[in-house]
Amino acid sequence: MSDATDRGVRLVGRGSESAWLASAGAGAAAGAHVVRLLVGPPGIGKSALLDHLCAEVPAGVRTVRARGRERTCDISFAVVRELFGDLVADAVPVDPELFEGGARWSAAALDEPSSDPGPDNLYPVLHGLYWLTVNLTARAPLVLVVDDLQWCDDASLAFLGFLLRRSAGLPLAVVLASRTDGAGALPERLAEIRTQVGAAVTEVRPLDRSGVGRLAAARGAGPTGAEAPQVPFVDALTEASGGNPLLVEQLVAELGPVTGDDATERIHRLGREVVDGLVERHVFDAPSHVRAVAAAVAVVGAEQTTVLATLSGVPAGSVVDAVATLVRTEVFAPDRSDYRHDLLRSAVLRGLPGDELDDLRRRGARVLSDAGRPAEVVAAVLLVLPGAGEPWMVDVLLEAAAAAAHRGARPAVARYLEPVVAARPDDVGARIRLATALAQHEPDRAVAHLRVALDRAVDLPSRAQAAVALAMTSLAVQQAPRAVRVLQDLLDTMDRELPADPGPEATELRTHVEAALLVVGLDEKKTVAATIDRMGRMARPAGRTPAERQKLAMMTVTLAMDGDDAAAAVDLARRVLLVDEATLGGWAVLASSLVLRLADEVEESTAVLDRLVAQSREQASAWTYSLAVGTRATNHVVVGDLAEGEADARTALDIAEQEAWRGNTVVPTIALANVRQQQGDPEAALELLGGIVRPRLEDFAWEYHDYLMAFAGATADVGDVDRALATYRRCGDSLEAAGIANPVLAPWWVHAAVLLADSGRAHEAHGIVEGGADRAARWGTGRGRGLALLARGVVTAGPRGEDMLREAVAVLEGSPARTELILAHHLLGRAMLVSDHAEDAREQLRQAATLAARCGALRAARVARELLVQAGGRMRPPTGSPLDPLTGAERRVVALAAEGARNREIAEALFVTLRTVEVHLTSAFRKLGVTDRAALAGIVDAARAGTA
């Protein structure tokens, strides 16, 4: 029987499913994005349908196919390497251009040698594999097929989910097939894939009676002399097989030629035990060399003859003979030395005595290791053993963990290290590595392991390593205060045990611990004051090593929170940033940029963040990129560049929405809420703030106070002044309780004073204003001094108050605080109007309205213009920027396009798809009334000139 004829037989009764799959190939050929998911129990015919799809794809469409396997489901990127392995030959790309740009990160998954270090997380590899897929679709439409998805390794499964979230607009069909359980449900680990697929799923159901009869006839079954299977025979065959095509074929093969009612009776006897019966007959009752080879293949899979010979104890020639026998009896597939179906493999493994199977697996792993197979292949065999404590096994598992870590496959790293820790419970280093692998997805388990590691560490270096890892992981589970106590105790121990001159290694060790203490100690309000006090007793490092720079960065933040001497804090921040940011962790750079912003060095702070954004983009680190862009959004809001602030905030939120950490987006959400409030839409601002889902937000030192400031401002704008004042006071009380004295970190006292003065209650504000002004003088920045003058001026009546406001305008003009300068102009103009200095008032109000319009602060612009008109002035209503019709995402795409970036470069830079870029550009062209990029660049240049 030819292959085509055999495929036709296997598709009996599957016309609708076959056509549904064929439409996927046709869709890809037509340039569409298509997804298909086949589900059903084992043996139901899913693989046959995929075979037919791959054989019948339209001309010019490329097909890549892989299959999950039970024995390789613990090997990271096993399915991905099967999909794309043909693209590299002997570790050299067949087509190097396929691996250019972002696709270079796919090398870690495909084991392509690279001079770059391996990624420290999975995202860069997924990003690279996505762009490799994009590059392939640029050459030809692509059909990507994965069978037995239930056994797909975690890393490859993550790639498929990543691809499905971003594949709209590509000429790509993604076709997946997975087994279901007895209740018809998919494995829980496929929940995200199922969500991404949506309605594009078809359950492959059992064949009906007609289909069973046609398949049996095609296989030549039925009582001797009948032209077609007779009704009792088909009924019995349908009942016994349950309509499962594999069981139908096996039953037919087992029956052989039969006559009359004997066929029906034999079918009832065989029933669903046909698979076990076939294995018993053709494996366990076969000659010993056939049984031994079948058992060896069940454990290690399709392998070279020499490997199977060594494991089975059968001469190489006899191995070849055994494989031929197993193919002839339809236990093995005709095209490979492996089982025809995993049901048969499972039946063989079930039939082996437990002790014999464990011994075979143990020897199989050793044979594979001696044969030079990759550590992860060997580890996949070891993981199913009840114990893997022999030294060589532990070494293999450690090597496999290192390989998985190189690819960023942290779940696989954890699986390899679990038995290592079980075998060596006192190995603190292995336990810390296990905790590091667990930290992202199972932080609670990671913390538990790190506490054990800390208890079992016998020397200071090991205790320090465990304590630092525990501290950083505790941030994820919101247990920073407990970590602070651990680090404080450890530092006390170091004080007692280390000599006065401990030497460079011990000094660096202590610096690591102190840096970690500053990071976690400044996270929650309850530990801020004690951390600031402890920092006062720490030596200030020179910043020569990474640990010293991390500590120095956090010391700058501590100084800034304490509000004592901005110049000193800036000096420390600049020392941290003397080195290339690529050698610093993201926290050190972000901390330094924050200090620079609070000290009025906003331009320098933004430049630092620009470099971090570029670095994280180059390294495909979406988390760092999103955090840096979200932080930069706040910078833009401070200087009154609301359009850029909105674009950055939206970019950070859009990226986060695609990732597992989508809920941790407090900073960009607050920035966007501030933009909305200043644009005159406080209701939208309050809606954004109401959507923040971070638990225990009120416990955190930074985000909580930013949140309160944004909430109070929007609440005041909707007219609820009392609630706004209560919120400002809560912000002040919270800062005081936390020991945070910086007056510009959350200048609640200024805005509360303005509200009280507007409400005729200026006398209530004098105390809070003087407290804030004293702290502003201590901090010593232009913005701080300007805010103090503004607050004092607004609560002081008469010429003296007017003089203070006039000085506030002069001081704020020399600072980066555009938003607060608008407020100062407005308040001064209003005071001048009250004192009958209408002409001077009009000038100040015109300044306020003009600057607000340039910034995009349309609410402040409208209010200032209304007051200007009341003072006898004239001014057109503010219209904002020509880019105002664009969304934040469209602004970011347009900005890069105006700089000359190609669509692909924009997509890589913003971590979005090519299709997304095309949609945003098309929408922007329509909204702005332009047809090419040159005109687009002109509008962008004009908008920037208008806000200069």
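Worth saying up front: this structure is predicted, and the values here are computed from it rather than measured.

Draft legend 1. The arrangement of unusual backbone geometry in detail. We note that Gln478 has phi near 55°; this positive angle belongs to a residue other than glycine. The backbone of Asp565 sits at a positive phi, close to 80°, despite the residue not being glycine. For Asp565, the location among the structural elements is in the loop between helix H28 (546-562) and helix H29 (566-576).

Draft legend 2. Quick look at the state of the cysteines. For the structure shown, the criterion picks out zero disulfides. Its sulfur unpaired, Cys73 is 9.6 Å from the next cysteine sulfur, which belongs to Cys152. By relative accessible area, Cys73 is classed as partly exposed at 21%.

Draft legend 3. Region of the structure containing the pattern of salt bridges. Using the criterion set out here, one finds 44 salt bridges in the structure. Note that Arg761 is salt-bridged to Asp722, the shortest N-O span being 3.7 Å. You can see Arg761 sitting in the loop between helix H38 (748-758) and helix H39 (766-779) and its partner Asp722 sitting in helix H37 (residues 721-738), a full 39 residues away along the chain. Arg792 is paired through a salt bridge with Glu770; the nearest N and O atoms lie 2.8 Å apart. You can see Arg792 sitting in helix H40 (residues 782-795) and its partner Glu770 sitting in helix H39, a full 22 residues away along the chain. When its relative accessible area of 26% is taken as the criterion, Arg792 is described as partly exposed. You can call Glu770 partly exposed: its relative accessible area is 35%. Taken together, the shared-partner salt bridges in this structure form one network comprising Asp492, Asp495, Arg510, Glu514, Arg534 and Lys551.

Draft legend 4. Seen up close, the environment of Arg818. In this fold, Arg818 is placed in helix H42 (residues 818-834). In this structure, the C-alpha to C-alpha distance between Arg818 and Arg783, residues 35 residues apart in sequence, is 9.8 Å. Excluding residues that lie within four positions of it along the chain, Arg818 makes contacts with Val638, Val639, Gly640, Leu812, Glu813, Leu851 and Cys855.

Draft legend 5. Main features of the nonpolar core. Ranked by internal contacts, the top residues of the largest apolar core, which has 283 residues, are Phe84 and Leu144. The biggest single contributor to this core is helix H14 (residues 288-300), with 10 residues.

Draft legend 6. Layout of empty space enclosed by the protein. Overall, the coordinates contain three cavities of 30 Å³ or more when judged by the stated rule. Its volume calculated, the largest cavity comes out at about 50 Å³. Lining of the largest cavity is provided by Arg71, Thr72, Ile75, Val299, Val300, Glu303, Leu368, Val377, Ala380 and Val381. Secondary-structure elements contributing two or more residues to the lining of the largest cavity are H14 and helix H19 (375-382). Per-element tally for the lining of the largest cavity: the top contributor is H19, with three residues. In terms of residue class, the lining of the largest cavity is built from seven nonpolar, one polar and two charged. Computed from the structure, the second largest cavity encloses a volume of approximately 50 Å³. The wall of the second largest cavity is formed by Arg67, Arg69, Glu70, Arg71, Asp338, Asp342 and Arg345.

Draft legend 7. Summary view of the sheet that holds strand E6 (residues 172-179). Reading across from one edge, E2-E5-E6-E1-E7 is the order of the five strands in this open sheet, with parallel pairing throughout. Every other strand in the sheet has two partners, leaving strand E2 (62-67) and strand E7 (201-203) as the edge strands with one partner each. The mean inter-strand angle of the sheet, taken between neighbouring strand axes irrespective of direction, is 15°. In this structure, strand E1 (residues 33-40) lies alongside E7, joined through three bridges in parallel fashion. Across the sheet, the residue bridging to Val39 is Glu203, located in E7. The sheet strands contacting helix H3 (residues 46-55) are E1, E2, strand E5 (142-147) and E6, and the helix crosses E5 at an angle near 160°.

Draft legend 8. The arrangement of the environment of Glu918 in detail. Topologically, Glu918 is positioned in helix H47 (residues 914-928). Among the residues examined, Glu918 registers a relative accessible area of 36% and is labelled partly exposed. Linking Glu918 and Arg904, residues 14 residues apart in sequence, is a C-alpha distance of 9.8 Å.

Draft legend 9. Just helix H17 (residues 342-351), in detail. The element H17 is largely enclosed, with a buried count of seven among its 10 residues. What H17 keeps buried is the set Asp342, Leu344, Arg345, Ser346, Ala347, Val348 and Leu349.

Parameters at a glance
Starting from 1, residues in each chain are numbered consecutively following that chain's sequence as written. Side-chain atom pairs in this predicted model are given and counted only at pLDDT of 80 or more, local residue features only at pLDDT of at least 70, and totals for whole chains, interfaces and linings cover all residues. Side-chain numbers here rest on the full set of heavy atoms in the structure, without hydrogens or water. Numbering of helices and strands runs from the N terminus, with a helix taken as a DSSP run of H or I at least four residues long and a strand as a DSSP run of E at least two residues long. Any pair of cysteine sulfurs within 2.5 Å is marked as a disulfide. For the exposure calls, accessible area comes from a 1.4 Å probe over protein chains only, and a residue counts as buried if that area is under 20% of its type's maximum, exposed if over 50%, partly exposed in between. A pairing counts as a salt bridge when a side-chain nitrogen of Lys or Arg comes within 4 Å of a carboxyl oxygen of Asp or Glu. We call two residues contacting when some pair of their heavy atoms lies within 4.5 Å. Take the buried residues of types Ala, Val, Leu, Ile, Met, Phe, Trp, Tyr and Cys, join any two whose side-chain atoms come within 4.5 Å, and each joined set is a nonpolar core. Only protein atoms enter the 1 Å grid, on which a cavity is a set of points fitting a 1.4 Å probe that cannot get out and a pocket is an open set with protein on both sides within 12 Å along at least 5 of 7 lines, lining residues being those with an atom within 4 Å of a point. Grid points are joined across faces, edges and corners, and a volume is the space filled by probe spheres set on the points. Each residue receives one of three labels: charged for Asp, Glu, Lys and Arg, nonpolar for Ala, Val, Leu, Ile, Met, Phe, Trp, Tyr, Cys and Pro, and polar for the others, Gly being one of them. Here the rule is simple: two strands pair whenever DSSP picks up at least two bridges between them. Note on method: axes are straight lines fitted to C-alpha atoms, helices fitted across the in-contact stretch only, with angles between N-to-C directions ranging 0 to 180 degrees.

The values reported here are purely geometric and, on their own, carry no functional implication.
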